[in-house]
Amino acid sequence: MFGAEILLREGPILNVGAGNSPFGRARLDVVRVDPAYSGEPPAGEGAVAALGQALPFRDRTFSVVLGSFVAQHVRDVEELVSELLRMVRPAGVLALHPAWRPSVGRRDTSALGPYAHLFTGAEDPAAGGPQDSMDPRRTPLWTLPTLVVHRPATGTPRELDHVARVIGRSAMLVPPAVIALPARGGMQALVRVGSPRRSVEALRPVRPANELVHGWR
């Protein structure tokens, strides 16, 4: 789904919308974020209750930021991507899965040059052929490609805003209307919140965010 090139990178790593995923439970350099954690803390270390659109971390804190099945549960994808890019260190990576519409994703990421691409992994013959012809309604979700965004080493805020704007206005991260996915508690919270930046104050980290990233440079 994300690929070894991303998951095996040196941390710290931020996993947004982590929910009950086991990834990162045994790693001290992984911070897991989900609004559902405010009511039901997960097992393991490094859990913070927060929204993806309003994260309680300093700029350029993480080498890798991951988000799985998150973008389709927010009203403003551009706002989400902008906030996640704020977390990424220069030359770091943001990876969002899945890209529901691969052909649209390839077209729109081409406008970003080396900043973004779709990671497909190995072709799976059982998935129904080439990635561009995949129908999300009939394809195993894990086989859909991942949007990978590389933060420029010397990227300006204006460049980052442009990247977020292109992705936010694209339909690549928006699932077809015929797909109905059961929402976890955290995803439901993302949908219910009317003003994420005001509402995030009501969420409390299982451990203080500054403790989790203390000493990371």
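Before reading on, note that the structure itself is shown above.
A quick note: this is a predicted structure, and the numbers were derived from the prediction, not measured. (Residues numbered from 1 in each chain as written. Predicted model: local features only at pLDDT ≥ 70, side-chain atom pairs only at ≥ 80, totals over all residues. Heavy atoms only, no water.)

Novice: What should I look at first to understand the pairing of strand 2 (residues 30-33) in this one?
Specialist: Along a regular strand, successive side chains alternate from one face of the sheet to the other. Taking every second residue as pointing to the same face, both faces of strand 2 are buried, with Val30 and Arg32 on one and Val31 and Val33 on the other. Pairing of strand 1 (residues 13-16) with strand 2 involves four bridges; the strand directions are parallel. Note that in strand 2 the partner of Val16 across the bridge is Val33. Relative to strand 3 (residues 47-48), strand 2 is paired through two bridges, and the arrangement is parallel. Residue pairing for strand 3: Arg32 is matched across the bridge by Ala47. (Buried < 20%, exposed > 50% of the residue type's maximum accessible area, 1.4 Å probe, protein only. Helix = DSSP H or I, 4+ residues; strand = E, 2+ residues; numbered from the N terminus. Pairing = 2+ DSSP bridges.)

Novice: I would appreciate a short explanation of the pattern of salt bridges in the present structure.
Specialist: When their charged atoms lie close together, side chains carrying opposite charge are able to pair. Under the counting rule described, the total for this entry stands at three salt bridges. Among the salt bridges present, the one from Asp108 reaches Arg107, with a minimum N-O distance of 2.9 Å. For Asp108, a relative accessible area of 13% gives the class buried. (Salt bridge = Lys/Arg side-chain N within 4 Å of Asp/Glu carboxyl O.)

Novice: I would appreciate a short explanation of the environment of Tyr37 in the present structure.
Specialist: Here Tyr37 lies in the loop between strand 2 and strand 3. As a C-alpha pair, Tyr37 and Gly19 span 18 residues in sequence and 7.9 Å in three-dimensional space.

Novice: Can you walk me through the packing of helix 2 (residues 77-87) against helix 4 (residues 157-169) in this structure?
Specialist: Axes are the key here: two packed helices are described by the angle between their axes and the distance separating the axes. Contact geometry of helix 2 with helix 4 gives a least axis separation of 8 Å together with a crossing angle of 145°. Relative to helix 4, the crossing made by helix 2 is right-handed. Contacts between helix 2 and helix 4 pair Val77, Glu78, Val81, Ser82 and Leu85 from the former with Leu160, Asp161, Val163, Ala164, Arg165, Ile167, Gly168 and Arg169 from the latter. A per-class count over the contact of helix 2 with helix 4 returns seven nonpolar, two polar and four charged. (Axes fitted to C-alpha atoms, helices over the stretch in contact; angles between N-to-C directions. Left-handed = near helix turned anticlockwise from the far one by under 90°. Contact = heavy atoms within 4.5 Å. Nonpolar A, V, L, I, M, F, W, Y, C, P; charged D, E, K, R; others polar.)

Novice: Even after reading the chapter, I still don't get the sheet that holds strand 1, so can you show me in this structure?
Specialist: Whether parallel or antiparallel, the strands of a sheet pair through hydrogen bonds between backbone atoms. Taking strand neighbours across the sheet as the criterion, the seven strands line up as 3-2-1-4-5-7-6 in an open arrangement whose pairing is mixed. Of all the strands in the sheet, the pair left with one neighbour each is strand 3 and strand 6 (116-119). Docked against the sheet, helix 2 engages strand 1, strand 4 (62-68), strand 5 (88-97) and strand 7 (146-150), running at close to 140° with respect to strand 5. Against the sheet, helix 3 (residues 102-109) makes contact with strand 6 and strand 7, and its axis sits at roughly 155° relative to strand 6, the strand it touches most.

Novice: Explanation requested: the nonpolar core in the structure shown.
Specialist: What tends to happen in soluble globular proteins is that the nonpolar side chains get buried as a cluster. In this structure, Leu14, Phe57, Val65 and Leu94 are the most contacted members of the largest nonpolar core, which totals 35 residues. Secondary structure elements with two or more residues in this core: strand 1, strand 2, strand 4, helix 2, strand 5, strand 6, strand 7 and helix 4. In terms of residue count, the dominant contributor to this core is helix 2 (six residues). Ranked by size, the runner-up nonpolar core spans nine residues in total, among them Ile6, Ile13, Val64 and Val93. (Core = buried A, V, L, I, M, F, W, Y, C linked by side-chain atoms within 4.5 Å.)

Novice: For this particular structure, what's the right way to read the packing of aromatic side chains?
Specialist: Each pair of aromatic rings is reported with the distance of its centres and the angle of its planes. All chains considered together, the criterion is met by two aromatic pairs. Relative to Phe62, the ring of Phe57 lies with its centre 5.2 Å away and its plane at 90°, an arrangement referred to as edge-to-face. Summarising the burial analysis for this pair, Phe57 and Phe62 share the class buried. With a centroid separation of 6.2 Å and 70° between ring planes, the pair formed by Phe69 and Trp100 is classed as edge-to-face. With Phe69 in the loop between strand 4 and helix 2 and Trp100 in the loop between strand 5 and helix 3, this pair connects stretches of sequence that are 31 residues apart. Using a relative accessible area of 19% as the deciding quantity, one classes Phe69 as buried. (Phe/Tyr/Trp six-rings, centres within 6.5 Å; stacked < 30°, edge-to-face > 60°.)

So yeah, pure geometry; function would need other evidence.
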